[in-house]
Amino acid sequence: CRSSLSGALCRSVRVSIVNNMIRSIKMNRRRFCAAAGAGVLLAGCKSLPKPDGGPVRVFIIHGYGATVADHWFPWLAQQLRRRGMEVVPVPLPDSLHPDYGRWQDALARTVGMPSGRTVLVAHSLGTVSLLHYLSRIRPHKIGGLVLVSAFGARIPTLPQINGFDVDGYVDRCPIDFAAVRCMTDRIALFTADNDNIVPPENTRRLARQLGGKPEEITGGGHFLGSDGFTEFPQVLRAIERMAAEIG
């Protein structure tokens, strides 16, 4: 590169080479930083603990003539909360005059679409109402069912109570037993040998239809506060077992 033309050409080539080298360095630096950043993010994601499904949710559904503050319901809610479960008592309107539509609407508003981490507890008229509700909305899975003084069809000895047409209400609550069985294999049923409102054979029949086996409690009556049931440890233990299996 002795001539001035050649010298200028050489200088131009050298500048071009240097500029290319600088661009290459910058590009590689950006790629390196992006890769390093991605690696940090990935490492951070791997170090995060896997979220669990949250606490088990338990809905408590009362029956005819009751409220969420009656019988063993408040005691059960307190015990479950102490064990870290989320408890939702379900108030059903005008329980001395149950209305099919209003009760189903109340279940829809409060229970909604249950999941595999949901345990549903129901008593008496609440059981047939709940089972019908599940048959209607068809959740894929639920965590478990606890049914007390339960029935799924007309009670031959109780066509009406205090002017309320029990038969007419039950006729509006058909149950798809096969569908309910597919929702969970955790089903606990309780009856009493001296339940004069829902005699035990009604709960036994429902148990056969759901593939369960009822626990019969001597002298339990209809499991009301007036029967001495302001606490219900057997129901608590059943829910504890279900929650442990749900994890």
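Above this text sits the structure in question.
Definitions and cut-offs
- Residues numbered from 1 in each chain as written.
- Predicted model: local features only at pLDDT ≥ 70, side-chain atom pairs only at ≥ 80, totals over all residues.
- Heavy atoms only, no water.
- Buried < 20%, exposed > 50% of the residue type's maximum accessible area, 1.4 Å probe, protein only.
- Helix = DSSP H or I, 4+ residues; strand = E, 2+ residues; numbered from the N terminus.
- Arc of directions from axis to C-beta.
- Contact = heavy atoms within 4.5 Å.
- Polar contact = N/O pair within 3.5 Å; in protein donor to acceptor, adjacent residues only side chain to side chain.
- Phe/Tyr/Trp six-rings, centres within 6.5 Å; stacked < 30°, edge-to-face > 60°.
- Pairing = 2+ DSSP bridges.
- Axes fitted to C-alpha atoms, helices over the stretch in contact; angles between N-to-C directions.

Q: Looking at this structure, how should I read helix H3 (residues 100-110)?
A: Given 3.6 residues per helical turn, the α-helix brings residues three or four places apart onto the same face. Listed as buried for H3 are Tyr100, Trp103, Gln104, Ala106 and Leu107. The buried residues of H3 occupy an angular sector of 155° when projected down its axis, which confines them to one face. Taken together, the buried residues of H3 touch strand S1 (57-61), strand S2 (86-90), helix H4 (125-137) and helix H5 (166-171). With a side-chain oxygen lying 3.2 Å from the backbone nitrogen of Gly101, the N-terminal cap of H3 falls on Asp99. With its phi angle positive at about 65°, Gly112 sits one or two positions after the end of H3.

Q: Please explain the packing of aromatic side chains as it appears in this structure.
A: Any two aromatic rings considered together are summarised by their centre-to-centre distance and by the angle between their planes. Going through the model one piece at a time under the given rule, you end up with nine aromatic pairs. Ring plane angle 65° and centroid distance 4.6 Å describe the contact between Trp72 and Phe73, whose orientation is recorded as edge-to-face. The pair Trp72 / Phe73 is uniform in exposure class, with both members buried. Three or more aromatic residues joined by ring pairs form one cluster here, namely Trp72, Phe73, Phe190, Phe223, Phe229 and Phe232.

Q: Would you mind going over the sheet that holds S1 with me for this structure?
A: For sheets, the rule is that strands pair by backbone hydrogen bonds, running either parallel or antiparallel. Strands sit in the order S2-S1-S3-S4-S7-S8 across an open sheet of six strands; the sheet is parallel. If you trace the sheet from one side to the other, it starts and ends with S2 and strand S8 (214-217), each paired once. Taking each pair of neighbouring strands and ignoring which way they run, the sheet shows an average axis angle of 15°.

Q: Looking at this structure, I do not really get the environment of Gly54. What am I missing?
A: Mapped onto the elements of the fold, Gly54 is located in the loop between helix H1 (4-47) and S1. Gly54 sits in the partly exposed class, given a relative accessible area of 21%. In this structure the C-alpha to C-alpha distance between Gly54 and Gly247, which are 193 residues apart in sequence, comes to 9.6 Å.

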